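Architecture and fold: a report
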Amino acid sequence: MEYNKLTISELHNLLQAGKLSSLELTEFFLARIEKIDSSLKSCISVFREEAREQAKKADERISRGEKNKLLGIPYLCKDNILTKGLKTTAASKMLENYIAPYNATVIERLNNEGAVLLGKTNLDEFAHGASTENSAFFVTRNPWDLERVPGGSSGGSAAAVAAGLCVFSLGSDTGGSIRQPASFCGVNGLKPSYSRVSRYGLISMTSSTDVIGPITKNVEDSALVMNVISGFDQNDLSSCSLEVDDYFKNLNKDLTGFKLGVEYNFIDSLDSEMSNQIKKSLNIFESLGVEIVPISLPCNKYAGSAYYIITPAEISSNLARLDGIRYGFSSDLKSKGESVDNLNDIYLKNRGQSFGEEVKRRIILGTYTLSSGYFDAYYKKAMAVKEKIKQEFENVFKTVDAVLTPSSPHIAFKVGDQVNDPLKMYLEDIFVTGPSLAGLPAISIPAGFVNDLPIGIQLFSKKFNENVVLNLANQFQKKTDYHQKNPNIS
Amino acid sequence: MEMNKSQIEKIAQLARLELSEEEKIKYQEQFKSILGFIDSLQEVDVSDLDVLGLSGDFSNQLRNDVVLDCLEDEKELAMNQAKEVENKQIKVKRVL
């Protein structure tokens, strides 16, 4: 049986009917990881024994009559989310041997639900990147073409779901890091509204836009995972206390009369094959009774610039805690024949020798834009532009219910093609940073293929309207089979 | 806007980062294009916006300032990460 092709609901039914045990399912995925991941390189850690133990416990709970939807379902988690007693590296040499002392809230919730953690996935170091090439350990490959990147920074999580190494995975999205890899790998990636899912235990990057979200094979699965991980958490001071919707309940609402905004300049900026494919999506929505409304988003072109001021600024502050004293990389001075006089020199060496190129680039850029004399011109200005972008979206939502854009300006690029051009890498997120800055719920879903590689469309709506986004995406998925295609990897 | 080498050195010190000569040269070059990119914001008029406050749809979740003990095994896991521990204290080099 190809369990890797089944959805959460299908597997849940098999588990509940006693036709499959969680242990069998866990062994199935562990075997797939063993077989496929040597070439795909999506996982940093695989917790075989711990996963088997969790699976056995899940089987006991099932036999006692528990019916949680994710009970016994194996998943993978991006390695910047803390897992108690287990390695959490953020794909950095700084945290190569770091053992998390506590669980992130999302992990705690999935544990309580009975989901089975198989391991941790690769990312750009500290989630700084759009290709997973910035991992300090190795480059993850795109399962549709191993010569290409999976996108990033949640590249390991997206590649693993696409290759069927787990049922679902968790990623984190700060300016596109769930949606862009989801589009490159032909899977579903949901960035929830800012503050909807607890950030407690997520290694902070840009605290004002960081969000954890699910990467899945279809929209239904996104809704099921969201039902478990969303909601107020007193350990996250930005956590929202609004009641959580049942995201599964409204997936099939009729879309007649629904208004979907489209900024045609975005689509027309793509090469013709991509724009034609995206336009086909618009036809599908029209066949569902959706009215396509042309909109204008002139401020979006500044989203990237604002993002690359705000993000490095927050990174320079958030990564200041990493000094190698209480935990993390400690420079081996003796074997290098070096000596230091004081604590400051230790900081310089521990940080200088363990952070990768992009991490240092962002820390320097952020320290610079926050430094005396530049603060007003950069950070303050960027915060104002962020507000302007947010207002622009608010205005658009006075006339439309949701917006559709491409997820990425192109298909997955080749490993090594952009790695030496940081600015080009920053422009990867051109369509996805706007909703991040505004804190909106946004999903990337598969929308077809160009040159046999997947492309995605992004759908977003007002803050906390995850229901609207998921409903729209699910109805689209009922009319298409792009999300059911699988890469030929074995 | 550009960053010269001595600015990069000063910022790296402030950020507690040891950089190699190679890195300094590389970053200086790359910052030209990155700063050029972010400088495009200067053309946006934001005179009507009051910023730096939190957005209207966001509020901090505050709780009472009460010390809560954490689990023993979590304490142990946290302390075990340090390179040198003595009497449940982390040892560091002298500060000055």
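Everything below is about the structure shown above.
Scope of this entry: the structure provided in the associated data block.

Quick notes on the rules
Residues numbered from 1 in each chain as written. Chains lettered and ligands numbered in written order. Predicted model: local features only at pLDDT ≥ 70, side-chain atom pairs only at ≥ 80, totals over all residues. Heavy atoms only, no water. Helix = DSSP H or I, 4+ residues; strand = E, 2+ residues; numbered from the N terminus. Rg over C-alpha atoms; globule rule 2.2 N^0.38 Å. Buried < 20%, exposed > 50% of the residue type's maximum accessible area, 1.4 Å probe, protein only. Contact = heavy atoms within 4.5 Å. Axes fitted to C-alpha atoms, helices over the stretch in contact; angles between N-to-C directions. Parallel < 35°, antiparallel > 145°, perpendicular 65-115°, else oblique. Left-handed = near helix turned anticlockwise from the far one by under 90°. Nonpolar A, V, L, I, M, F, W, Y, C, P; charged D, E, K, R; others polar. Salt bridge = Lys/Arg side-chain N within 4 Å of Asp/Glu carboxyl O. Buried area = accessible area lost by both parts, 1.4 Å probe. Polar contact = N/O pair within 3.5 Å; in protein donor to acceptor, adjacent residues only side chain to side chain. Expected span 1.5 Å × (residues − 1). Arc of directions from axis to C-beta.

1. Remarks on the overall build of chain A
When its secondary structure is counted, chain A shows 17 helices and eleven strands. For 490 residues, the compact-globule formula gives about 23 Å, and the C-alpha radius of gyration of chain A, at 22 Å, lands near that figure. Its C-alpha atoms give chain A principal-axis dimensions of about 70 × 55 × 45 Å. Burial status across chain A gives 67% buried among its 490 residues. Restricting to contacts in chain A with at least 6 residues of sequence separation, those with at least 24 account for 76%.

2. Here we look at the packing of helix H13 (residues 357-370) of chain A against helix H2 (residues 21-38) of chain B
Between two packed helices, the angle of one axis relative to the other and the distance separating the axes together describe the packing. Running from amino to carboxyl end, H13(A) crosses H2(B) at an angle of 60 degrees, the nearest separation of the two axes being 11 Å. In terms of orientation, H13(A) and H2(B) fall into the oblique class. For the pair H13(A) and H2(B), the crossing hand works out as right-handed. Along the contact surface, H13(A) presents Glu357(A), Lys360(A), Arg361(A), Ile364(A), Leu365(A), Tyr368(A) and Thr369(A), while H2(B) presents Glu23(B), Lys26(B), Tyr27(B), Gln30(B), Phe31(B), Ile34(B), Leu35(B) and Ile38(B). Broken down by class, the residue content of the contact of H13(A) with H2(B) amounts to eight nonpolar, two polar and five charged.

3. As for the pattern of salt bridges
Across all of its chains, the model carries 34 salt bridges over all chains by this definition. Residue Lys349(A) is joined to Glu338(A) by a salt bridge in which the shortest nitrogen-to-oxygen separation is 3.8 Å. Here Lys349(A), found in helix H12 (residues 343-354), pairs with Glu338(A), found in the loop between helix H11 (333-336) and H12; they are eleven residues apart in sequence, far enough to count as distant. Taking relative accessible area as the criterion, Glu338(A) reaches 30% and is therefore assigned partly exposed. Close ionic contact of Glu358(A) with Arg362(A) constitutes a salt bridge, the shortest N to O distance being 2.6 Å. Linking Glu358(A) with Arg362(A), this pair stays in helix H13, spanning four residues, or about one helical turn. Residue classification places Glu358(A) among the buried positions, given a relative accessible area of 7%. Salt bridges sharing common partners tie together Glu357(A), Glu358(A), Arg361(A), Arg362(A) and Lys26(B).

4. Some thoughts on the interface of chain B and chain A
Counting residues at the interface gives 56 residues for chain B and 73 residues for chain A. Summing both sides of the interface, chain B and chain A together bury roughly 5,700 Å²; the carbon and sulfur share of this comes to 64%. Counting the contacts that link chain B with chain A gives five salt bridges. Lys26(B) is the partner of Glu357(A) in a salt bridge, and the nearest nitrogen-oxygen pair spans 3.0 Å. Joining chain B to chain A, the criterion identifies 24 residue pairs in polar contact (both at pLDDT 80 or more). Those elements that provide at least two residues to the side of chain B that touches chain A are helix H1 (5-14), H2 and helix H3 (72-79) of chain B. Ranked by residue count, the leading element in the side of chain B that touches chain A is H2(B), at ten residues. Of the residues contributing to the side of chain B that touches chain A, the split by class is 29 nonpolar, eleven polar and 16 charged.

5. Describing the packing of helix H2 (residues 22-40) of chain A against helix H3 (residues 48-63) of chain A
Residues and elements named next belong to chain A. Two elements in contact, H2 and H3, have axes whose closest approach is 8 Å; the angle formed by their N-to-C orientations is 155 degrees. Here H3 runs roughly antiparallel to H2, going by the angle between their axes. Seen along the crossing, H2 lies across H3 with a hand that is right-handed. When H2 is examined against H3, the residues Ser22, Leu23, Thr26, Glu27, Leu30 and Glu34 are found in contact with a partner set consisting of Arg48, Ala51, Arg52, Ala55, Lys56, Ala58 and Asp59. Taken together, the residues that form the contact of H2 with H3 break down as five nonpolar, two polar and six charged.

6. Concerning helix H9 (residues 272-287) of chain A
All names here are of chain A. For H9, with 16 residues, the first-to-last C-alpha span of 23 Å sits near the 22 Å given by 1.5 Å per residue. Within H9 the residues assigned to the buried category are Met274, Ser275, Gln277, Ile278, Ser281, Leu282, Ile284 and Phe285. One side of H9 holds all its buried residues, which, seen down the axis, span an arc of 165 degrees. Positive phi shows up at Gly289, right after H9, with a value of about 90 degrees.

7. Some remarks on the environment of Lys301(A)
Structurally, Lys301(A) can be placed in the loop between strand S8 (291-294) and helix H10 (303-318). Sequence separation between Lys301(A) and Gly434(A) is 133 residues, and the spatial gap between their C-alpha atoms is 8.9 Å.

In short, geometric facts, not functional conclusions.
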